[in-house]
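Secondary and tertiary structure notes
The residues making up each chain are set out below.
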Amino acid sequence: MSDYLDELEAEAIYILREVAGQFDRPALLFSGGKDSICLVHLALKAFRPGKFPFPLVHIDTGHNFQEALDFRDRLVAETGEHLIVRKVEDTIAKNRLQDARGKFPSRNALQTNTLLETIEEFEFDACIGGARRDEEKARAKERVFSVRDEFGQWDPKLQRPELWSIYNGKIHKGENVRVFPISNWTELDVWNYIQRENIQLPEIYFTHERECVLTENGQLMANNAFLNLDESDVSVTRKVRYRTVGDMTCTAAVESEAFTVEDIIAEIRNAKISERGATRMDDRISEAAMEDRKKGGYF
Amino acid sequence: MDLLRFFTAGNVDDGKSTLIGRLLYDSESISTDVIETLTRQSKSTGENAAIDLALLTDGLRAEREQGITIDVAYKYFSTQNRKFIIADTPGHTQYTRNMFTGASTAQLAIILVDARNGITDQTKRHSIISAVLGIPKVLVCINKMDLVSYSEERFNEIVSDYRFFAKLIGLKTVDFIPASALNGDNVVHASSNLSWYKGLPLLSYLETVDVNRTDGFNEARFQVQYVIRPQTEALHDYRGYAGNILSGSFQTGDEVTILPSGLTSKISAIESGLKEVASARKNQPVVLHLKDDLDISRGNTIVLSSALPVTDKTVEATICWMDNQEFQPGHKLLLQQSSFRTKAAIREIYSKIDIHSFQDLESNGELKLNELAKVRIQLAEAISYDVFEKQIQTGAFILINENTNNTVAAGVIR
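A few points on the structure. Predicted model, so just to flag it, every value in this text is computed and none were measured.

1. Section: the overall build of chain B
Looking only at helices and strands, one finds eight helices and 23 strands in chain B. Radius of gyration (C-alpha) of chain B: 24 Å, near the 22 Å computed for a compact globule of 414 residues. Seen through its C-alpha atoms, chain B measures out along the principal axes to roughly 70 × 50 × 40 Å. The buried share of chain B, reckoned over its 414 residues, is 58%. Total accessible area on chain B stands at roughly 17100 Å², and carbon and sulfur atoms take up 45% of it. With 42 positive and 50 negative side-chain charges, chain B shows a separation of 2 Å between the mean positions of the two kinds.

As structure tokens, this is what we get:
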């Protein structure tokens, strides 16, 4: 009997090879999180012994966990693949934009500007990303090949039909396609795959002691230089790990004792709170927060 | 653990979203923060029920506003035995193309019937789409049994009506389950209200149903997606053909034919998962190496020389038109089958198929959104195919408008 992970892997590799076959200037958006690390692993299986037919692109918000950056650089060195980094700082400076305010100043919205500028600079026609449909209900609606107009916008009411495993990547100049090879994976599938394939991850996915502040919602945020804290915020040291790795300003830690991938799998099986619900402040704004961000060009 | 992909079709009114919500809720696949959000939303839309399970599936603002499903949403859950991918698709005629999208990858269709109404036009439409797409198994879930006093007689009546219709449209394997999604009768747990029903509740059925096609097609088929040529000093002569095996299996030493050229060679090596392997089978991603240096590129088909598919410049097909703009004979089209693309033209529309009766209607040469038709298509380059009934990947295609780049039709080769 074929294992379901084999089936998910075959589907993802097929999609990556379709990107290679259909586009002139594709890119793989690499965040340093577990989903994009899995994409790199899948790309190795799809294209070795050849080089990747696309560069890795990191849209650097400047609010990264150092561990994720170190991991990124190690991975690039080990694979010998080409990395392009574009910084949100530079977009802010060049366009005289305002940084977000508040206690937890997220660069989520500004990140979209940098992404769109980078797509334009390199004339990328396809951007591969690690988004999954189980993360959020607007993502649950998106195609594997998601066509974006020249402003990067997603139109959820006018998506192309996408049948069987036939992917239509034909676009006009200036448009681009966002491609999601692990659309059909859940958080647990990703961890089961990481375990099976023995994929290395940044250490912040595993339990460690960290100085955090408790938010009004009861979330634990790493105490860091990017937050605008005041006297009312009390620092606590807790044993935590990260379920998702995003910006330090909007990604919360979860209390955990999980040392190994096995521990994490057991923890997720028992978890009663969803991945984004546990860790993301950016989705809490409204029911349609993600749909609105995607319409504006976000991943 | 294996994987089952199924689709449901319909609208909130049919109890489809409630049914999926119930499956997820009762199998404890919903997280507490999602339930909190739902509770908040259920209140804000003025529902009496504590939780409106339908809100779980309708993900777009417009869908929540209008209480309808516009586009397919994918939902995931798993039990000890299986991982499930649900394609939750719209039921309205105007969104038929989105239903095709969700249904095309499914191994099982759940057709929902309201026990009060019995078989409706919508039931027929969804069943016909399942038949056209060759879905291996259809499950008719007769829902809202609570509203017909859990009547066994009513259930049997609908079963008998449906069997008659299923035979008419050529659906082969159909099963039936009575349920009340709203009350949770027979969805995850068996119900004392339905004690006359001796079969499995829905979830147990989904966990155990066998969706493998009995008429298994085992001819070896492979299509080139991408040619790997590192062109480094160490791998100067390396040339590998990357793709997934579409059916059957290949072994080192096999005599193969490359299509459409008809050239022949032998498999000299197979790589899979970064290792060299002696053989590989259906669904496996591989890199094939051939003994001879031939001109082979993306979209070429590689098969065992002992069992060739049809290679031709015309195909007879059933298509569903999916573009808002109706078919214009002057528009330039491309046909795409897996990774193979060529210029195409619809040369003849023989007949249209009535989506509620499956009867052939006389063609007036037009093709509008969501219409099904039997056609002949002429191609610029020869395609290698098997009929869709036998082999999905080589028998299915889409048509792309070269001007708009839109996917304007989906087709199956007859």
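Continuing now.
2. Points about the overall build of chain A
Within chain A one finds nine helices and 10 strands. Relative to the compact-globule value of 19 Å for 299 residues, chain A shows a C-alpha radius of gyration of 19 Å, a close match. The principal-axis extent of the C-alpha atoms belonging to chain A is close to 55 × 55 × 40 Å. Counting across all 299 residues of chain A, residues that qualify as buried make up 63%. Excluding contacts between residues fewer than 6 apart, the proportion of contacts in chain A whose partners are at least 24 apart in sequence is 75%. Accessible area for chain A stands at about 11700 Å²; split by element, carbon and sulfur atoms hold 48% of it.

3. A closer look at the pattern of salt bridges
Applying the stated rule across the entire model yields 40 salt bridges over all chains. Arg143 of chain A is the partner of Asp71 of chain B in a salt bridge, and the nearest nitrogen-oxygen pair spans 3.2 Å. Here the residue Asp71 of chain B occupies a position in the loop between helix 3 (61-66) and strand 2 (73-78), and Arg143 of chain A occupies one in the loop between strand 4 (126-128) and strand 5 (145-148), the pair thus bridging two chains. Measuring nitrogen to oxygen at the nearest pair gives 3.4 Å for the salt bridge that ties Glu366 of chain B to Lys368 of chain B. Taking the relative accessible area as the measure of exposure, Glu366 of chain B reaches 30% and is therefore partly exposed. We classify Lys368 of chain B as partly exposed; its relative accessible area is 38%.

4. Focus: the environment of Glu142 of chain A
Residue and element names in this part refer to chain A. With respect to the helices and strands, the residue Glu142 is situated in the loop between strand 4 and strand 5. Expressed as a C-alpha distance, the spacing of Glu142 and Gln111, which sit 31 residues apart in the sequence, is 20 Å. A polar contact is formed between the side chain of Glu142 and the side chain of Ser146, at a distance of 2.5 Å.

5. Points about the interface of chain A and chain B
Interfaces are frequently sized by the accessible area removed from exposure as the parts join. Each side of the interface is counted separately: chain A has 60 residues, and chain B has 76 residues. When chain A packs against chain B, the two sides together hide about 5700 Å² of surface, and 55% of this comes from carbon and sulfur. At the boundary of chain A with chain B, the tally comes to five salt bridges. For the interface between chain A and chain B, the tally reads 26 residue pairs in polar contact (both at pLDDT 80 or more). Those elements that provide at least two residues to the side of chain A that touches chain B are helix 1 (4-22), helix 2 (34-47) and helix 9 (289-295) of chain A. Element by element, the count of residues in the side of chain A that touches chain B is highest for helix 1 of chain A, at 12 residues.

6. Let's talk about helix 7 (residues 261-270) of chain A
Residue and element names in this part refer to chain A. Every buried residue of helix 7 is accounted for by Val261, Ile264, Ile265 and Ile268. Taken end-on, helix 7 shows its buried residues confined to a sector of 100°, consistent with a single buried face. Summarising the geometry of helix 7, the exposed residues directed more than 90 degrees from the buried face are Arg269 and Asn270. Of the surrounding elements, those touching the buried residues of helix 7 are helix 6 (187-197) and strand 9 (235-241).

7. A short note on the environment of Arg72 of chain A
Residues and elements named next belong to chain A. Within the fold, Arg72 resides in helix 3 (residues 66-79). Remark: the alpha-carbon pair of Arg72 and Ile15, spanning 57 residues in sequence, is separated by 23 Å. When near neighbours in sequence (up to four residues on either side) are disregarded, Arg72 contacts Phe30, His58, Leu83 and Val85.

8. A closer look at the sheet that holds strand 1 (residues 2-9) of chain B
Strands pair in a sheet through their backbones, by hydrogen bonds, and they do so in one of two ways: parallel or antiparallel. Residue and element names in this part refer to chain B. Overall, mixed pairing links the six strands, which are arranged 2-3-1-4-5-6 in an open sheet. The strands lining the two open edges of the sheet, one partner per strand, are strand 2 and strand 6 (174-178). Neighbour to neighbour, the strand axes of the sheet diverge by 25° on average, direction disregarded. Bridge count for strand 1 against strand 3 (residues 82-89) is eight bridges, and the pairing is parallel. Within strand 3, the position partnered with Ala9 by the bridge is Thr89. Across the sheet, helix 5 (residues 121-132) touches strand 1, strand 4 (108-114) and strand 5 (137-143), and the angle it forms with strand 4 is around 170°.

9. Regarding the nonpolar core
Among the nonpolar cores identified, the biggest contains 141 residues, and Phe6, Ile142 and Leu206 of chain B are the most heavily contacted of them. No other element matches helix 1 of chain A, which puts 10 residues into this core. The residues contacting Leu206 of chain B, other than those within four sequence positions of it, are Leu4, Phe6, Leu23, Arg82, Phe84, Leu108 and Ile110 of chain B.

10. Considering the packing of aromatic side chains
Residues and elements named next belong to chain B. In this structure the tally under the stated criterion is 18 aromatic pairs over all chains. Aromatic side chains Phe155 and Trp196 sit 5.4 Å apart centroid to centroid with 50° between the ring planes, which places their arrangement in the tilted category. Taken together, the positions of Phe155 in helix 6 (residues 152-169) and Trp196 in the loop between strand 6 and helix 7 (202-208) put the pair 41 residues apart, joining distant regions of the chain. With relative accessibility at 7%, the residue Phe155 sits in the buried group. Both rings, one in Phe222 and one in Phe250, keep their centres 6.4 Å apart while their planes meet at 80°; by these two values the pair is edge-to-face. A residue pair is termed long-range when its members are at least 10 positions apart, and Phe222 in strand 7 (residues 221-223) and Phe250 in strand 10 (residues 249-251) qualify at 28 residues.

Cut-offs used in this document
Residues numbered from 1 in each chain as written. Chains lettered and ligands numbered in written order. Predicted model: local features only at pLDDT ≥ 70, side-chain atom pairs only at ≥ 80, totals over all residues. Heavy atoms only, no water. Helix = DSSP H or I, 4+ residues; strand = E, 2+ residues; numbered from the N terminus. Rg over C-alpha atoms; globule rule 2.2 N^0.38 Å. Buried < 20%, exposed > 50% of the residue type's maximum accessible area, 1.4 Å probe, protein only. Areas by Shrake-Rupley, 256 points an atom, 1.4 Å probe, with all protein chains shown as cover. Lys, Arg positive; Asp, Glu negative; His and termini not counted. Charge placed at Lys NZ, Arg CZ, Asp CG, Glu CD. Contact = heavy atoms within 4.5 Å. Salt bridge = Lys/Arg side-chain N within 4 Å of Asp/Glu carboxyl O. Polar contact = N/O pair within 3.5 Å; in protein donor to acceptor, adjacent residues only side chain to side chain. Buried area = accessible area lost by both parts, 1.4 Å probe. Arc of directions from axis to C-beta. Pairing = 2+ DSSP bridges. Axes fitted to C-alpha atoms, helices over the stretch in contact; angles between N-to-C directions. Core = buried A, V, L, I, M, F, W, Y, C linked by side-chain atoms within 4.5 Å. Phe/Tyr/Trp six-rings, centres within 6.5 Å; stacked < 30°, edge-to-face > 60°.

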